[in-house]
Amino acid sequence: MNEATVEGGALRERARGALYLLPAAALLLAWPLGTYLATFALIVLASREGARLFGAFSGAASERRIALILTATLFGGFVSSGLAIAALSIAVLAIIAGELYALLDADHEHLLGRVHGLIADLAVALWLSPLLLLPTLAAARMGFPSPLITWLLVVVWGADTGAYFVGRRYGRRKLAPSLSPKKSIEGLVGGIAVAAVGSAIVATLILDTSPLWGLFWGALTAIAAEGGDLLESTIKRAARTDAASALIPGHGGVLDRIDSLLLALPVALIASLTLGV
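Reading the values: the criteria
- Throughout this description, residue numbers start from 1 for each chain and increase along the sequence as written.
- Where totals are concerned, whole chains, interfaces and linings use all residues; where local detail is concerned, this predicted model gives features only for residues with pLDDT of at least 70, and gives and counts side-chain atom pairs only at 80 or more.
- Working from all heavy atoms in the structure, the side-chain values ignore hydrogens and water.
- Numbering of helices and strands runs from the N terminus, with a helix taken as a DSSP run of H or I at least four residues long and a strand as a DSSP run of E at least two residues long.
- Based on C-alpha atoms, the radius of gyration is set beside the globule rule, defined as 2.2 Å times the residue count to the power 0.38.
- Using a 1.4 Å probe on the protein chains alone, a residue whose accessible area is under 20% of its type maximum counts as buried, one over 50% counts as exposed, and one in between counts as partly exposed.
- We call two residues in contact whenever any of their non-hydrogen atoms come within 4.5 Å of each other.
- Counted charges follow a simple rule, with Lys and Arg positive, Asp and Glu negative, and His plus the chain ends left uncounted.
- The atoms used to mark charge sites are NZ of Lys, CZ of Arg, CG of Asp and CD of Glu.
- In the sections that follow, a salt bridge refers to a side-chain nitrogen of Lys or Arg positioned within 4 Å of a carboxyl oxygen of Asp or Glu.
- Whether a set of points on the 1 Å grid over the protein atoms alone is a cavity depends on a 1.4 Å probe fitting there but being unable to get out, while an open set qualifies as a pocket with protein on both sides within 12 Å along at least five of seven lines; lining residues are those with an atom within 4 Å of a point.
- Grid points are joined across faces, edges and corners, and a volume is the space filled by probe spheres set on the points.
- Side-chain classes are defined by residue name, with Ala, Val, Leu, Ile, Met, Phe, Trp, Tyr, Cys and Pro counting as nonpolar, Asp, Glu, Lys and Arg as charged, and the others, Gly among them, as polar.
- Starting at the helix axis, one direction is taken to each C-beta atom, and the arc is that of these directions.

Caption draft 1: Highlighting the overall build of the chain. Per the secondary structure count, the chain includes 10 helices and 2 strands. Going from N to C terminus, the chain has its helices and strands arranged as α-α-α-α-α-α-α-β-β-α-α-α. Whereas a compact globule of 277 residues would reach a radius of gyration of roughly 19 Å, the chain reaches 20 Å, a difference of no more than 12%. Its C-alpha atoms put the chain at 60 × 50 × 30 Å along the principal axes. Every one of the 277 residues in the chain was classed for burial, and the buried ones make up 44%. At a minimum sequence separation of 6, the contacts of the chain that also span at least 24 residues come to 69%. A gap of 7 Å separates the mean positions of the 20 positive and 19 negative side-chain charges of the chain.

Caption draft 2: Spatial organisation of the pattern of salt bridges. Counting across every chain of the model gives 10 salt bridges. Among the ionic pairs, Arg 173 bridges to Glu 186, the shortest N-O distance being 3.0 Å. Placement of Arg 173 in the loop between helix H7 (147-170) and strand S1 (174-176) and of Glu 186 in helix H8 (residues 185-205) is noted, with a sequence separation of 13 residues between them. In this structure Arg 173 comes out as exposed when scored by relative accessible area, which is 52%. Given the relative accessible area of 16%, Glu 186 is considered buried. Linked by salt bridges that have partners in common, Arg 65, Glu 99, Arg 114 and Asp 121 make up one network.

Caption draft 3: Region of the structure containing the layout of surface pockets. Roughly 350 Å³ of internal volume is contained in the second largest pocket. Taken together, 17 residues line the second largest pocket, and the ones lying closest to its centre are Leu 21, Ala 24, Ala 25, Leu 42 and Ile 258. When residues of the lining of the second largest pocket are traced back to their parent elements, those giving at least two are helix H1 (3-29), helix H2 (33-58), H7 and helix H10 (254-273). Among the elements that line the lining of the second largest pocket, the one with the most residues is H1, at 5 residues. Looking at the lining of the second largest pocket, its residues break down into 16 nonpolar, no polar and 1 charged.

Caption draft 4: Structural view of helix H6 (residues 133-140). Listing the buried residues of H6 in full gives Leu 134, Pro 135, Leu 137 and Ala 138. For H6, the arc enclosing every buried residue in end-on projection is 160°, short of the 170-degree limit, so these residues lie on one face.

In structure tokens:
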């Protein structure tokens, strides 16, 4: 089997896996109920994969506690921002209090294991916390499909697709060989360019703003998205695995698909504020 055949098979598998993502993306765009349900599903699935990755090198991590912290904040935010903060504080304090109670009679060996697990839980929750910005971004400019979520998905998927194809065709110089050997500087530049152009088009047609705004914020968000991808690659390297899971054919796990979103979302929210909405 030659290299072209292998690459063609991988590309077909990747395209087939992309079909699994379309219903989730459509649900995410359906503000408000769909956005909350999709965010909830992403939190549950990503918590499971995040706990698996961090557990590989921390010794322990609890997907339930990670999901509790994030879902409590998510649904508190459905009512008000104040309740979201209160829910987050109560969830974190309850988990810490439970750990302290469990440690009252623990020996040194169990003490270290539980402390490592608690730190891992809080670290994964922090890593996944930008998902909580999805409803905030959708609410910033309401409509169906959600204009700002549409813009964000075009930017992130444009960056990913552009980097993949440009990197395959023109990639020569490695971007981060110790973290992600297949990524190239040429692919990075190509991904940013595709994302910026796609952003300019969506900014003009859907957001009713200047294409220059789209070019600037599209490029900046794409750079953040690449950072999110490299961050997950770092964590997978530490966990000694190539994928967060095998849930999505040709793509790996949910975290392998939303890793770029995790750092792109804060930038996208800042971008939305510059629209004056």
